[in-house]
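# Examination of the molecular architecture
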Amino acid sequence: MVQITPNPAQTTASPDDEAKEFVLRSANQRDVRFVRLWFTDILGTVKGFAVTIDELEHVLNSGASFDGAVIDGLARSDEADTVAVPDPTTWQILPWRPSQDAVASMFCDLSTPDREPLPTDGRHILRTVIRRARELGYNFYVAPELEFFYADDINEYRNNVGGAVGGSSGSSDLTIRFNRTSRYFDQTSPDIGGAELRREVVLALEKMGIPVKHSHHEVGQGQHEIDLRHTNALTMADSVVTYRVVVKELAARKGGHATFMPQPFSDRPGSGMHTHMSLFSGDENAFYAAEEDEFHLSDIGRRFIAGLVRHAPEITAVTNQWVNSYKRLVPGSEAPIFASWTSGNMNDLIRVPAYRPGQEASMRVEYRAPDAACNPYLAFTAMLAAGLEGIEKDYPLSNPIKDRGNGTDHSLPRLPRSLQEAVAIAEKSELLRKNIGDKAVDSFCRNKYIEWDEFNRSVTDFETKRYLDIL
């Protein structure tokens, strides 16, 4: 992402003007010929179109019109003129493209022709709830851990998944050229292909101004994780979208395929997006308390967690938005099924990492439900909104879970078991309607009901394997 340093001599220039000047200067110096204007639909899928360098200055000043029906996801309606307004602070050179006749990208805010923000634009929605947090005196920071799988090509998923979406036992002999035997944190030679590709992704992200904290092999065969360094939520949502593009682009260039599908295999772990969150008041971490209690968690932090716990069922459709998402949220999968919090158990919804002396700024809350295929703009909006609700309404916090036992504590609120259940709860959520907006909630739910209906009409591999011969 572009970082603009104001020039003291240019006292009359606005930050936006300086950012535009930087973009035009960078485009000239880097021999940019095409600029991709990126935005996302209501489901978080990256969309966009390219303009030539000759159009860049005009587009920076006036935006570019396109058919807004594309942002409706599966529930496309009549065409409607929409304007993509580039955010010059998101200017990036795409490092996998040639340096000669280079290609760049910018994220766009979406508006109506009269420049009113589009109510279904994820960047606008997230920016609005961030503004609400600032009015309360807080800046919101996030650091997601995104997991994904590599395989030789997409046909291997189609041929060997065996119907994990439908619930079959699947196949365990998937050939993964990038990784055949490596496991959690392995650094051994069988992981050379995946490790090399993962390294290229990290280098590409760093070149694009997206700092990486950690990268490693995950638990499942062919599963990897790259953790982004914490930053403000809007920048991070843009970075998550970019991250997914980079992972897929570089895998394709190696003749392979990468997927962020939440549960692509029934016999391997799913791919989550564990999200670390913190609120800062100025330079002070609002979640930290100096008292020598068990967690060093402030009253603000406790109320934030209480908000997440209370509203977890209604925001699950947003953090886990696909039919397949609920194949991951099952017992024994290191993914939550109850709205509970703890300091250590990986099966709980919320985890408070152990405090390290002298690391007050690192005090944070980890929300473990989201998967790597969610819409990050809406997911960050929902999580922040739930936490702020707890702060504003002074929600009490229950005791942490210290012994999960067999994971069947029915006294705890249960997360939705299916997309249909989750969407039915979300559709009635006052929290989501207040913070995401009626139009966006209705559009999102309409898309999800279409997906659920399509799923119900599909005959899965599980059904044919189990019933075709015996019924």
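Since we're looking at a predicted model, the values are computed, not measured.

## Section: the confidence of the model for the chain
The predicted coordinates ought not to be read in detail in places where the model reports low pLDDT. In this model, the chain carries an average pLDDT of 86, and 84% of its residues clear a pLDDT of 70 or more. This model gives residues 1-12 a pLDDT under 50, and the stretch forms 23 contacts once residues within four places in sequence are excluded. In the model, residues 161-179 has pLDDT below 50 throughout and makes 67 contacts with residues more than four positions away in sequence or in other chains.

## Observations regarding the packing of helix H9 (residues 419-427) against helix H11 (residues 438-457)
Where H9 meets H11, the closest approach of the two axes is 10 Å, and the angle between their N-to-C directions is 160 degrees. It follows that H9 is roughly antiparallel to H11 by the angle criterion. For the pair H9 and H11, the crossing hand works out as left-handed. Across from Leu419, Gln420, Val423, Ala424, Ala426 and Glu427 in H9, the residues of H11 making contact are Val441, Cys445, Lys448, Tyr449, Glu451 and Trp452. Here the contact of H9 with H11 is composed, by residue class, of 8 nonpolar, 1 polar and 3 charged.

## Examining the pattern of salt bridges
Evaluated as defined, the whole model comprises 21 salt bridges. Note that Asp16 and Lys20 form a salt bridge whose closest N and O atoms lie 3.3 Å from each other. A residue pair is termed a helical-turn pair when its members lie 3 or 4 positions apart in one helix, as Asp16 and Lys20 do in helix H1 (residues 15-29) at 4 residues. In this structure, Lys448 and Glu451 form a salt bridge, with 2.5 Å as the shortest nitrogen-oxygen distance. Separated by 3 residues within a single helix, Lys448 and Glu451 lie in helix H11, roughly one turn from each other. In the salt-bridge network here, residues are joined through shared partners; they are Asp87, Asp109, Arg123, Arg127 and Asp238.

## Some details on the packing of helix H7 (residues 299-319) against H9
How two helices pack is summed up by the angle between their axes together with the distance between the axes. Running from N to C, H7 and H9 point in directions that differ by 115 degrees, and their axes come no closer than 8 Å. Classified by the angle their axes make, H7 and H9 are roughly perpendicular. Between H7 and H9 lies a crossing of left-handed hand. The segment H7 lies against H9, with Pro313, Glu314 and Ala317 engaging Ala422, Val423, Ile425 and Ala426. For the contact of H7 with H9, the per-class residue count stands at 6 nonpolar, no polar and 1 charged.

## A closer look at H11
An α-helical segment advances 3.6 residues per turn. Residues three or four places apart therefore align on the same side. A rise of 1.5 Å per residue sets the reference length of H11, with its 20 residues, at 28 Å; its end C-alpha atoms lie 29 Å apart and thus fit the reference within 8%. Among the structural elements, helix H3 (122-135), H7, helix H8 (376-392), H9 and helix H10 (430-435) are those in contact with the buried residues of H11.

## Side note on the side chain of Lys20
With relative accessibility at 15%, the residue Lys20 sits in the buried group. Excluding its chain neighbours within four sequence positions, the residues that come into contact with Lys20 are Leu60, Asn61 and Pro88.

What counts as what
Residues numbered from 1 in each chain as written. Predicted model: local features only at pLDDT ≥ 70, side-chain atom pairs only at ≥ 80, totals over all residues. Heavy atoms only, no water. pLDDT = per-residue confidence, 0-100. Contact = heavy atoms within 4.5 Å. Axes fitted to C-alpha atoms, helices over the stretch in contact; angles between N-to-C directions. Helix = DSSP H or I, 4+ residues; strand = E, 2+ residues; numbered from the N terminus. Parallel < 35°, antiparallel > 145°, perpendicular 65-115°, else oblique. Left-handed = near helix turned anticlockwise from the far one by under 90°. Nonpolar A, V, L, I, M, F, W, Y, C, P; charged D, E, K, R; others polar. Salt bridge = Lys/Arg side-chain N within 4 Å of Asp/Glu carboxyl O. Expected span 1.5 Å × (residues − 1). Buried < 20%, exposed > 50% of the residue type's maximum accessible area, 1.4 Å probe, protein only.

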